[in-house]
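# Summary of structural features
Spelled out from the first residue to the last, the chains are:
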Amino acid sequence: MSTEKINQIVEEAKASFQSCQNPDELYKSKVKVLGKKGALSLVMQEMKNLSPEERPAFGQSVNEAKKSLESLYASLSEELVKQEMAQKLAQSMLDPELPGFEVKTGTYHPIELVIREMIDILSRIGFSVRLGPLIEHDDLNFTALNFPEDHPAREMQDTFYMKHDHVLRTHTSPIQVRTLRSESLPLRILAPGSVFRCDSDTTHAPNFYQVEGLWVDKKVSMAHLKGVVDFFAKSYFGDKTQTRFRPSFFPFTEPSAEVDCTCPLCAGQGCRVCSKTGWIEIGGCGLVHPNVLKMSDVDPDQWQGFAFGFGVERMAMIKYRLSDIRLFNENDLRFLEQFR
Ligand code: PHE
């Protein structure tokens, strides 16, 4: 057995590799020479017929032959794969250089961002979240909140009525009643959520959001309420913000007040957003009416409380300087993507 035989195998294999037209053919021809039962492997079996002195040189030349064939295979194969790809591409519409689709990640809706921030601020002073249903019993939305039957206040809220004494809740205040009836005292809760009123223009939407607060304990006063509201306004709009209460009326609070804060945009100087008054209304509040406590089996001689309801859209419009409430419901990506 001689190195000529090996050279011959190599030459033949090279010729055969070079005549291949595609990667498949090339692979088959590689197996024929380099595979387990390939020509070079068979040649190795002849090692046993050689004298021990001849063996190392023989082994070495077989290995060199393998190496040179393998490297030829690698370069030809790369070439053929490229050719094949070029052919396929020439026949198809695929453009591999076209940029891929951008993967878009979503963003939180500004209303969600504001609600989260409000919860974050008020949870620092012990409030925790409760939720209630959007379709509410008339009793919980009105009667248990001390709205007398046929009282004009029911009209005031532009209610969407539903069958069987149900309404789309007009405010988050029914969650006050639900919580008072089901939990032990004292308590401090926040109830964020969507509410509905039959009303629509640039500052009113038929579906909007409120964050309700309720604090019931043995001794709770207007001073505590003012303190909490002021803490909230300063945390949300900035340290320099001031708050004021204007006397108002809600059937479920007594006394009742409307909450204003100094306009964060002009710092109380007067601008378009605050209609030159320097103040902006952010919600209603008051001490929980004794009748509301009684109707939820809480003894008003032992317990007192305050409640507030803030408009979330209001907070968002002031913070992000928006003039049209309808933007929140249009789902225009150009608008929503600004809150990344
Ligand atoms: N529920 C009232 C409204 O929607 C707001 C409010 C809540 C007022 C709590 C007083 C206390 O207008």
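Note that the structure is predicted; figures quoted are calculated from it, not measured.

Attention now goes to a negative patch on the surface. Residues Glu149, Asp150, Glu155 and Asp158 make up a contiguous surface patch of negative charge. Within the element layout of this structure, glutamate 149 appears in the loop between helix H6 (138-141) and helix H7 (152-156).

What follows covers the pattern of salt bridges. A complete count under the given rule lists 14 salt bridges for this structure. Here lysine 82 and glutamate 78 are joined by a salt bridge, their closest N and O atoms 3.8 Å apart. Here lysine 82 pairs with glutamate 78, and both are found in helix H4 (residues 55-91), just four residues apart, close to one helical turn. Residue lysine 82 is classed as exposed on the basis of its relative accessible area of 52%. In this structure, the salt-bridge partner of arginine 181 is aspartate 139, at a minimum N-O distance of 3.9 Å. Taken together, the positions of arginine 181 in helix H8 (residues 174-182) and aspartate 139 in helix H6 put the pair 42 residues apart, joining distant regions of the chain. One connected set of salt bridges, linked through shared partners, spans Arg244, Arg246, Asp260 and Glu281.

Counted by the stated rule, this structure contains 15 aromatic pairs. Their ring planes at 75° and their centres at 4.9 Å tell us that phenylalanine 142 and phenylalanine 147 sit as a pair that is edge-to-face. Each of the two residues, phenylalanine 142 as well as phenylalanine 147, counts as buried. Residues phenylalanine 335 and phenylalanine 339 carry aromatic rings whose centres are separated by 5.1 Å and whose planes lie at 75° to one another, so their mutual orientation is edge-to-face. The residues phenylalanine 335 and phenylalanine 339 share a single accessibility class, namely buried. Aromatic rings pair up to connect Phe127, Trp215, Phe232, Tyr236, Phe237, Phe306, Phe308 and Phe310 into one cluster.

Analysis parameters
Residues numbered from 1 in each chain as written. Predicted model: local features only at pLDDT ≥ 70, side-chain atom pairs only at ≥ 80, totals over all residues. Heavy atoms only, no water. Patch = residues over 30% accessible without salt bridge, like charges linked within 9 Å, V, L, I, M, F, W, Y side chains within 5 Å. Areas by Shrake-Rupley, 256 points an atom, 1.4 Å probe, with all protein chains shown as cover. Salt bridge = Lys/Arg side-chain N within 4 Å of Asp/Glu carboxyl O. Lys, Arg positive; Asp, Glu negative; His and termini not counted. Charge placed at Lys NZ, Arg CZ, Asp CG, Glu CD. Helix = DSSP H or I, 4+ residues; strand = E, 2+ residues; numbered from the N terminus. Buried < 20%, exposed > 50% of the residue type's maximum accessible area, 1.4 Å probe, protein only. Phe/Tyr/Trp six-rings, centres within 6.5 Å; stacked < 30°, edge-to-face > 60°.

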